[in-house]
Amino acid sequence: MTKKTSPRRKKPSAGARLPGQRKSVDVVARMIRVDHAGEFGAQRIYAGQLAVLGDTPTGITIKKMARQEDEHLAAFEKLIAARRVRPTALHPLWHVAGFLLGSATAALGEKAAMACTVAVEETIVEHYGKQIDALGDDEPALRQLIEKFRADENQHKDIGQDHGAEDLPYYPLLRALIRAGSKTAIWLSERV
C-alpha cells in the first residue's frame, strides 16, 4: 500500500503580493491620479472666485494662491505623463464643479470665498498627510513633492482663516458641506 502525499503548498516569497493586495505601483498611480484631479479642482475653484472677486484685495490674495495651485498642477501633469497614469475620467465634471463652487462662494462674499478655501485646504492637508504616511520611505521624490504641496495648502488654509472665514455666521455649515464634497471628490477621483 502506498502512502498518499498531499501536494506541497508553496509559501509566498517575502515580496509577493497576497490575493486582493494592490501593487505598490497601483497605489502610487491612484495617488498621482487623485492629486492631479485635486490640484485641477483647486485651480478651477480659484478661477471661479477670481471671476467674481477680480482685483479686489481678496482677489489679489486669491491670485497668489492660484499661482501656487498652477505649479502644483503642472508638477502632477508631468507625473501623469512620466508614469503613464490615467487621469480621472471625471475631469470634465471637476472643471465645471470647481468653477461653480468658487464663483458661488465668492458671490456670497469674501468671507464665504475664504471659508471655501479653508474647508477645501483642510481636507487636502489631511489627504496629503495620509499619502505621506502610506508612502513611508518608498518613493522619496514623490513624498517630498507631496510634503511641499501639503505645506502650501496649509498656508492657504491659514490665509483663509486670517481673512475672516470663521467669522462667517454660517461657517460651520458651509465648511461641513464643502469638506463632505471634497472628500467625495477624492474618493471618486481615486477610482474613476
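What counts and how
- Residues numbered from 1 in each chain as written.
- Predicted model: local features only at pLDDT ≥ 70, side-chain atom pairs only at ≥ 80, totals over all residues.
- Heavy atoms only, no water.
- Phe/Tyr/Trp six-rings, centres within 6.5 Å; stacked < 30°, edge-to-face > 60°.
- Helix = DSSP H or I, 4+ residues; strand = E, 2+ residues; numbered from the N terminus.
- Buried < 20%, exposed > 50% of the residue type's maximum accessible area, 1.4 Å probe, protein only.
- Expected span 1.5 Å × (residues − 1).
- Contact = heavy atoms within 4.5 Å.
- Patch = residues over 30% accessible without salt bridge, like charges linked within 9 Å, V, L, I, M, F, W, Y side chains within 5 Å.
- Areas by Shrake-Rupley, 256 points an atom, 1.4 Å probe, with all protein chains shown as cover.
- Salt bridge = Lys/Arg side-chain N within 4 Å of Asp/Glu carboxyl O.
- Core = buried A, V, L, I, M, F, W, Y, C linked by side-chain atoms within 4.5 Å.
- Arc of directions from axis to C-beta.

### Thoughts on the packing of aromatic side chains
1) Next: In total, this model carries one aromatic pair according to the counting rule given.
2) Next: Relative to F149, the ring of F76 has its centre 5.7 Å away and its plane inclined at 65°; by these criteria the two rings are edge-to-face. Taken together, the positions of F76 in helix α2 (residues 57-82) and F149 in helix α5 (residues 140-162) put the pair 73 residues apart, joining distant regions of the chain. F149 shares its class with F76; the two are buried.

### Some remarks on α5
1) Next: Taking 1.5 Å per residue, 23 residues should reach 33 Å; α5 reaches 33 Å between its end C-alpha atoms and fits that length.
2) Next: Taken together, the buried positions of α5 are occupied by L142, I146, F149, D152, E153, H156, K157 and G160.
3) Next: Looking at the buried residues of α5, the elements they touch are α1 (24-53), α2 and α4 (110-135).
4) Next: Positive backbone phi, approximately 90°, marks G164, located one or two places after α5.

### Remarks on a nonpolar patch on the surface
1) Next: Together, L108, Y170, L173 and L177 line one region of the surface with nonpolar side chains, adding up to about 410 Å² of accessible area.
2) Next: Within the secondary structure, L177 sits in helix α6 (residues 171-191).
3) Next: By relative accessible area, which is 55% here, L177 ends up exposed.

### Let's talk about the nonpolar core
1) Next: Counting residues in hydrophobic clusters, the biggest one holds 38 residues, and the most contacted among them are I32, F76, L142 and I146.
2) Next: Mapped by element, the contributors of at least two residues to this core are α1, α2, α4, α5 and α6.
3) Next: Considering every element that reaches this core, the biggest residue donor is α4, with twelve residues.
4) Next: Residues in contact with I32, not counting those within four places in the same chain, are F76, L79, I80, R83, V85 and L142.
5) Next: Counting residues in hydrophobic clusters, the runner-up holds five residues, among them A37, L73, L90 and W94.

### Observations regarding unusual backbone geometry
1) Next: The backbone of R84 sits at a positive phi, close to 55°, despite the residue not being glycine.
2) Next: Summarising the element assignment, R84 is placed in the loop between α2 and α3 (91-107).
3) Next: When its relative accessible area of 78% is taken as the criterion, R84 is described as exposed.
4) Next: For E139, which is not glycine, the phi dihedral falls at a positive 50°.
5) Next: Structurally, E139 is set in the loop between α4 and α5.
6) Next: The exposure class of E139 is partly exposed, given its relative accessible area of 25%.

### Side note on the pattern of salt bridges
1) Next: One pass over the structure, following the stated rule, counts ten salt bridges.
2) Next: Here E190 and R30 are joined by a salt bridge, their closest N and O atoms 3.8 Å apart. Note that E190 is positioned in helix α6 and R30 in helix α1, a separation of 160 residues in sequence.
3) Next: On the accessibility criterion, R30 (15% relative accessible area) is buried.
4) Next: One salt bridge in this structure joins R143 and E147, with 2.9 Å as the shortest N-O distance. Highlighted residues: R143 and E147, both in helix α5, separated by four residues, approximately one helical turn.
5) Next: Residue E147 is classed as partly exposed on the basis of its relative accessible area of 34%.

### Topic: α6
1) Next: With 21 residues, α6 should cover 30 Å at 1.5 Å per step; its first-to-last C-alpha distance of 30 Å lies within 8% of that length.
2) Next: Along α6, the residues classified as buried are Y171, L174, I178, R179, S182, I186 and S189. The buried residues of α6 occupy an angular sector of 125° when the element is viewed end-on, so they sit on one face. Exposed and facing more than 90 degrees away from the buried side of α6 are P172, L173 and L177.
3) Next: Those residues of α6 that are buried are in contact with α1, α3 and α4.

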